[in-house]
Amino acid sequence: MTLPTQLVLRAMLIEPAQETYGLEIGQIAELPSGTIHPILARLEGCGWVESRWEDIDPVKEGRPRRRFYRLTPDGAERARNALARVHTPRVLVDRLRPRFVGGAL
Amino acid sequence: VSHRDRDRSNARKLALELIRVRDLAYDRVHNYELDPDLADNIMHNATRANELAARLNVAVDLDLAGDFDRDTYTDLGRASRVIWALGHDLGRARARAGDLYSRYGLRVGGNQDVATANVISPPGRVPQCLVALAVRVLPVPDRPRYAGEFRVELVDVPHPERLRYAFRVLAGAWQLRRALTELPRTSDGVLVRRAKER
């Protein structure tokens, strides 16, 4: 499992039942937006994550609908198990993140 | 539209984007007070953008009948990285320019000051074009979904960061394309997992 995938899963496991959208996940994981969607696509493809369009009226809200992501119950369990097996030295995480600290866009 | 036509069309658009970014880079370097290292970086990448755009245009013109060769696909990858690097540096350049405007009490874009420039507003044309280009890199069945996702995220991003966001989405589009093409689908392009849910 790649380090960005671990960071995305850790971010989503903070509140597994809570729906979040791509930009928000990127900010929590401190990863840039371009790296988030490929990871979410793979996780969704293997059934760990599910997504849906936000149920709002875009005209009323004055903005387009967001795409919400959430870990499936099975995905949350498997993510916890997978993360428990990997050991990622802090130095590797810091090496990946410093460029994006303070603005993970 | 055939696979080859799409590749050629994407390469041509990427070449155009490289030229736009190059021009934007020259404009920033000449019109803003930048630190020398940042200006050097921007000029170096602007020169690479120029070379890559020329190579991609030649490749598109010559490869009228066949698939692109491996070097051209490598150039396409390089192009997205150069665009990303320039977007990153231009984002920093913009922040630096904003500091200068703020410090000297100048105004941005005529009668709009820095504070009001940060208020939520519709995305500009360049970020929208970059995001639209990123969507066109993706497999056809996935385009409407990601067009919607990127559009709303672009609105959610603070105004001064939108260009940088758009560049990063474009730079990541090839990776997203790879992720999406690896997923199992039915013959009409629907993801297998999604098909089971319906």
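Since we're looking at a predicted model, the values are computed, not measured. (Residues numbered from 1 in each chain as written. Chains lettered and ligands numbered in written order. Predicted model: local features only at pLDDT ≥ 70, side-chain atom pairs only at ≥ 80, totals over all residues. Heavy atoms only, no water.)

When helices and strands are counted, chain B shows eight helices and zero strands. The N-to-C order of helical and strand elements in chain B reads α-α-α-α-α-α-α-α. Accessible surface for chain B amounts to roughly 10,400 Å². Of this, 52% is attributable to carbon and sulfur atoms. (Helix = DSSP H or I, 4+ residues; strand = E, 2+ residues; numbered from the N terminus. Areas by Shrake-Rupley, 256 points an atom, 1.4 Å probe, with all protein chains shown as cover.)

Moving on, we get to the packing of helix 1 (residues 3-13) of chain A against helix 2 (residues 22-29) of chain A. Residues and elements named next belong to chain A. Axis separation between helix 1 and helix 2 bottoms out at 9 Å; the angle between their running directions is 105°. The pairing of helix 1 with helix 2 is recorded here as roughly perpendicular in orientation. From helix 1, Leu7, Val8, Ala11 and Met12 reach across to helix 2, where they touch Ile25, Ile28 and Ala29. Residues of the contact of helix 1 with helix 2, tallied by class, amount to seven nonpolar, no polar and no charged. (Axes fitted to C-alpha atoms, helices over the stretch in contact; angles between N-to-C directions. Parallel < 35°, antiparallel > 145°, perpendicular 65-115°, else oblique. Contact = heavy atoms within 4.5 Å. Nonpolar A, V, L, I, M, F, W, Y, C, P; charged D, E, K, R; others polar.)

So, about helix 2 (residues 36-62) of chain B. The end-to-end C-alpha separation of helix 2 of chain B is 39 Å, in line with the 39 Å expected for 27 residues at 1.5 Å each. Three or more residues of helix 2 of chain B are buried, namely Leu38, Ala39, Ile42, Asn45, Ala46, Ala49, Leu52, Ala53, Leu56, Ala59 and Val60 of chain B. (Expected span 1.5 Å × (residues − 1). Buried < 20%, exposed > 50% of the residue type's maximum accessible area, 1.4 Å probe, protein only.)

Residue and element names in this part refer to chain B. When the pLDDT values of chain B are averaged, the result is 74; 72% of them are 70 or greater. Across residues 104-120, where pLDDT falls below 50, the model places 16 contacts with residues more than four positions away in sequence or in other chains. Long-range and interchain partners of residues 194-198, a stretch whose pLDDT sits below 50, account for six contacts in this model, where long-range means more than four residues apart. The complex model carries a pTM of 0.56, and its ipTM stands at 0.81. (pLDDT = per-residue confidence, 0-100.)

On to the side chain of Arg22 of chain B. In this structure, Arg22 of chain B sits in helix 1 (residues 3-31). Within the structure, the side chain of Arg22 of chain B is placed 2.8 Å from the side chain of Asp23 of chain B, a separation counted as a polar contact. (Polar contact = N/O pair within 3.5 Å; in protein donor to acceptor, adjacent residues only side chain to side chain.)

Residues and elements named next belong to chain A. In space, the three strands of this open sheet follow the order 1-3-2, with antiparallel pairing throughout. Across the chains shown, the open sheet's two edge strands, defined by having one partner strand only, are strand 1 (20-21) and strand 2 (49-53). Taken together, the two bridges between strand 1 and strand 3 (residues 67-71) define a ladder with antiparallel strand orientation. When the bridges of strand 3 are listed, Tyr21 appears paired with Phe68. (Pairing = 2+ DSSP bridges.)

Glancing now at the packing of helix 3 (residues 33-45) of chain A against helix 7 (residues 162-182) of chain B. Relative orientation of the contacting elements helix 3 of chain A and helix 7 of chain B amounts to 20°, with a least axis distance of 7 Å. With respect to each other, helix 3 of chain A and helix 7 of chain B are oriented roughly parallel. Classified by chirality, the crossing of helix 7 of chain B by helix 3 of chain A is right-handed. Counted together, Ser33, Gly34, His37, Pro38, Ala41 and Arg42 of chain A of helix 3 of chain A and Tyr165, Arg168, Val169, Gly172, Gln175, Leu176, Arg178, Ala179, Leu180 and Glu182 of chain B of helix 7 of chain B form the full contact between these two elements. Along the lines of polarity and charge, the residues of the contact of helix 3 of chain A with helix 7 of chain B split into seven nonpolar, five polar and four charged. (Left-handed = near helix turned anticlockwise from the far one by under 90°.)

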